[in-house]
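Chain by chain, the residues:
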Number of protein chains: 2
Amino acid sequence: MLPGVGVFGTGSTARVLVPLLKAEGFEVHALWGRSEEEACCLAKELGIPFHTSRSDDVLLHQDVDLVCISIPPSMTRQIAVKALGIGKNVVCEKAATAVDSFKMVTAARYYPQLLSIMGNTLRFLPAFVAMRQLLVEGYVGEMQVCDVRVYGPSLLDQSYGWTCEELMGGGGLHTVGSSIIDLLSYLTGARAHRVHGLLRTFVQQNGLIRGIRRVTSDDFCFFQMLMGGAGSSSGGGCCTVTLNFNMPGSFVHEVMVVGSTGRLVARGAELYGQRNGSKGEELLLGDSGWVGPDVKEMPLPHLRGLSSMVQALRQSFQAHEERRSWARGPVATAPTFEDGLYVQTVVEAVKRSSCSGEWECVEIMSQEPDPNHNLCEALQRNKN
Amino acid sequence: MLPGVGVFGTGSTARVLVPLLKAEGFEVHALWGRSEEEACCLAKELGIPFHTSRSDDVLLHQDVDLVCISIPPSMTRQIAVKALGIGKNVVCEKAATAVDSFKMVTAARYYPQLLSIMGNTLRFLPAFVAMRQLLVEGYVGEMQVCDVRVYGPSLLDQSYGWTCEELMGGGGLHTVGSSIIDLLSYLTGARAHRVHGLLRTFVQQNGLIRGIRRVTSDDFCFFQMLMGGAGSSSGGGCCTVTLNFNMPGSFVHEVMVVGSTGRLVARGAELYGQRNGSKGEELLLGDSGWVGPDVKEMPLPHLRGLSSMVQALRQSFQAHEERRSWARGPVATAPTFEDGLYVQTVVEAVKRSSCSGEWECVEIMSQEPDPNHNLCEALQRNKN
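My aim in this report is to walk through the structure given alongside it, one point at a time. Note that the structure is a prediction, hence the values are computed from the model and not measured.

**Digging into the overall build of chain A**
Working step 1: Secondary structure assignment for chain A yields ten helices and 15 strands.
Working step 2: Over its C-alpha atoms chain A spans a radius of gyration of 21 Å, differing by no more than 12% from the 21 Å that the globule rule assigns to 384 residues.
Working step 3: With the C-alpha coordinates aligned to their principal axes, the bounding extent of chain A is approximately 60 × 55 × 45 Å.
Working step 4: Across the 384 residues in chain A, those meeting the buried criterion constitute 54%.
Working step 5: Considering only contacts in chain A between residues 6 or more positions apart, those separated by 24 or more positions represent 67%.
Working step 6: Side-chain charges in chain A split into 34 positive and 39 negative, and the spacing between the mean points of these groups amounts to 2 Å.

Laid out in C-alpha cells, this is it:
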C-alpha cells in the first residue's frame, strides 16, 4: 500500500514532483512553504488538501508517512533529521555543509528501518542505468577517463536568495556538480580520493541583483577527481567536470566514459557507444519522448530521472501491505545519506582546492566536529 | 617572384605540404630525409628533383630560398638555426625544449630580414581567422572561458620512435596541445601566466610497442590556463583544454569561447555563434568542402590551415620581385619564433604542474641557461 506523502518546498522541483507522485498513485496530503502565501498558492494549484508554513504540521500529520524535501540546502538537515526522529520515511535534497550531511547520516543510521535516500535523480535515468550496466559488463574495457560537461543558463533565482550565496549552498558546483559527483561514483563504482578545482563567479551582479548585493556562488566550475576504488592502484581513472552556467539559450548535458576498448556517451537522456575498431557510434538507448510536464527550470535528464525515481518509490512501497513499509530492491541503487555525505565532502574539497590552488584530499568525516571549533573557523572566514 | 623551396621531413606533413606548395606555384627543389631510402622514395613519389639525407645539401642548395622543416622536434632547432645562419627563410615546426626554442628566437632576432615563422597552421584556418575578428569586434562581450576539446585516435607512430618518448617531444600535449596553446593566445590576445595540468599515459604498450619498451608520452592531457593580457586584472579569463587520444575512430576538434554577451564555437573547420537572447546557434562560417589531398593522419582543421598558410606564404613572396624578399602583411598573424618559445614554456609548465600537482607560473626564458646546470638537472631527472 502506498504511503501518504508530505512535500516540503514550493520551488520547481516540488511543482514537478507532486504531479509525478499523483500519477504513480501516491496521495499528497500536505505541503509546506516558507510563507503561508507561497504554500497556499501552490497547494491550490496542485490540489493538495493541507498547507502550512510550520514544519511540524507536516511532520506530525497523521496521513503523512513519506516526506519529500526540496528546500534550500541550509534548511534541509533540520527537517530531514526531525522527520526520521518522528518515524517518517525521507527523500531529500542535499544539505548545505558536510557537518549537516554528517548529522543526517547519524540519524539515518539510527533509524535503519526507515527509508532515507538523497533525491539525486540522475541515478534513476534509464540512460545512466544502462550505462552502468554496460560498464560493469566491460563495454569500454578498463575505465580511463570520465569527461562531463554541463552547460546552461544562469542558475540564479529571479530575486536575491540562497542561489546567489556560496555559503547557503548556491552555485553550479553545489547545485549541479553534486549530482554529477554522485552520478560518477555510481557509474564507476569508485570514489574520488583527491580533487582539484577552479570556481569562478563571472556574473556578480545583474539587472535584478545590484546595489550592495553581489553574487558569491560560482557560475563556472571546473574540477578533476582522481578516483580510487576497491583495490585500484594510483594509476586509477580520472574524472574531469566542466560546469558553465553563463550560456543562456543552451543546455548541454554530456557524460562520457572512455576506456581501453571503447567509450560510452550519454547526451541528455540518450546513450551512445562506440567500441574501438567499429566505424561509428551506435545509439544504445534512445529518447522515448517525454510525456510528463515540461518545466523550463529543470533540465530533461533531471526531469526524467525524477520521474523514474518516483516509479521506483512506488515499486518499493507497493511491495508491502503496511503503509510505512518498503522493499529495498527497487531503491537499492538510490543514493543513501552516506552518499550524500561523500558528495558534500567532495564539493567542499573542490572549494578548498579553488582557494589553495592545490590538490585536496577527500576525507570523509567520521565524527562530528566540535561546534565551538567550527564557530571559530566561521568567524575567521568572515574576517578574511 | 616565388622562392625555391627545400623541404625537411618525410612524414605526413611533408607529404601534404609539397603538393600544396606546388599548387600555389612554388617550386620544390630539394627534399631531406633521415635516411637516403626514405628521401629517395618520397622524392620520387612527389616529383622532387633532388633528395638527400645530409642537411647541408639542402641548406646550401643554390635554388633553395625557403626552408620548410617538418621533422622530429629534437632535430628542429639545429636545422632552423643553421638555415637562418645561411640566409634562408624558415617555416618550421616546434622544437623539443624551451632551451631549443630560445636558441631559435636568438637566431630569428639576429636575422630580422629573414622570414621565420612557426608552422602552427590553426591560426590560418578561416574559421579561426573569423573567430578572432568577431572576438575583437565584441561578439561575445567580455571573454570569460575558453573550452577546447580534441579527441582522436592514438598519435603513436607504427613503430617505436620519438612519438612514444616524452623527452623527445612526443605526446598529445606537445604535439597537439602546442597548437592549441598558440591558437588560444592568438584568439584571446592574452597569454597564460599560470597553468595547471594532468598528463596520463593510459596505453603504455601495444601490439607494436612491447617487451622492454614503454610509451612515456601522454595520451591524455588536461590543462587549465589563467590568462593575463595587457592591463587585464587577476579576474581575467581562463582556458580549459582536454586532449584525449585514446578514442580510435573518432575525431573531435572543438574550440569554444564564452563571454558575457554570447559565445563562439569552432567545430572542426566550421564556426558557429550564439548571442545571449537569441534562440539558437547561427552558422557563421561553413565548411566550403575540401578539395585538396585527404590525409588520414592529419585532422581536417590542420590540413585546411596548412593550405591557407601556404597561400599566405605565396602572397607574402609574390609581393616582391626579388626571390628572397617577402612582405610582412600576408604573414603578419603567423606565429613567430617568440610565440614558439611561449608555447614551449607553457608546455613545460603544464608538465611540471602534472608532477607537482600545483599551479605553475609561466616564465619566459630571457637568457640561455648554463648548459652545465642543465646537464646536472638531466642527470638528476634520469636518476629518479
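Further notes follow.
**Focus: the environment of Val 90 of chain A**
Working step 1: Residue placement: Val 90 of chain A occurs in strand β5 (residues 89–92).
Working step 2: Once residues lying within four places of it in the same chain are set aside, the contact partners of Val 90 of chain A are Leu 66, Val 67, Ile 69, Ala 80, Ala 83, Leu 84, Leu 115, Ser 116, Ile 117 and Phe 337 of chain A.

**A word on empty space enclosed by the protein**
Working step 1: Taken as a whole and judged by the stated rule, the model has two cavities of 30 Å³ or more.
Working step 2: Quantified by volume, the largest cavity comes out at close to 40 Å³.
Working step 3: Listing elements by their share of the lining of the largest cavity, those giving two or more residues are α5 (98–110) and α9 (337–356) of chain A.
Working step 4: Here the lining of the largest cavity takes three residues from α9 of chain A, the largest share from any one element.
Working step 5: Among the residues forming the lining of the largest cavity, the class breakdown is five nonpolar, two polar and one charged.
Working step 6: When residues of the lining of the second largest cavity are traced back to their parent elements, those giving at least two are α5 (98–110) and α9 (337–356) of chain B.
Working step 7: Among the elements that make up the lining of the second largest cavity, the one with the highest residue count is α9 of chain B (three residues).

**A look at the sheet that holds strand β9 (residues 220–228) of chain A**
All names here are of chain A.
Working step 1: As summarised here, the arrangement of the nine strands in space is β14-β13-β12-β11-β7-β10-β9-β8-β15, forming an open sheet in which the pairing is mixed. Only two strands of the sheet have a single partner each, and these edge strands are β14 (282–285) and β15 (360–361).
Working step 2: Pairing of strand β7 (residues 143–151) with strand β11 (residues 252–259), which is carried by eight bridges, proceeds in the antiparallel orientation. Paired with Val 150 across the strands is His 253, a residue of β11.
Working step 3: Docked against the sheet, helix α6 (residues 126–136) engages β7, β11, β12 (262–267), β13 (270–275) and β14, running at close to 170 degrees with respect to β12.
Working step 4: Here α9 sits on the sheet in contact with β8 (191–200), β9 and β15, set at roughly 50 degrees to β8.

What counts as what
- Residues numbered from 1 in each chain as written.
- Chains lettered and ligands numbered in written order.
- Predicted model: local features only at pLDDT ≥ 70, side-chain atom pairs only at ≥ 80, totals over all residues.
- Heavy atoms only, no water.
- Helix = DSSP H or I, 4+ residues; strand = E, 2+ residues; numbered from the N terminus.
- Rg over C-alpha atoms; globule rule 2.2 N^0.38 Å.
- Buried < 20%, exposed > 50% of the residue type's maximum accessible area, 1.4 Å probe, protein only.
- Contact = heavy atoms within 4.5 Å.
- Lys, Arg positive; Asp, Glu negative; His and termini not counted.
- Charge placed at Lys NZ, Arg CZ, Asp CG, Glu CD.
- 1 Å grid on protein atoms, 1.4 Å probe; cavity = no way out; pocket = protein on both sides within 12 Å on 5 of 7 lines; lining within 4 Å.
- Points joined across faces, edges and corners; volume = space filled by probe spheres on them.
- Nonpolar A, V, L, I, M, F, W, Y, C, P; charged D, E, K, R; others polar.
- Pairing = 2+ DSSP bridges.
- Axes fitted to C-alpha atoms, helices over the stretch in contact; angles between N-to-C directions.

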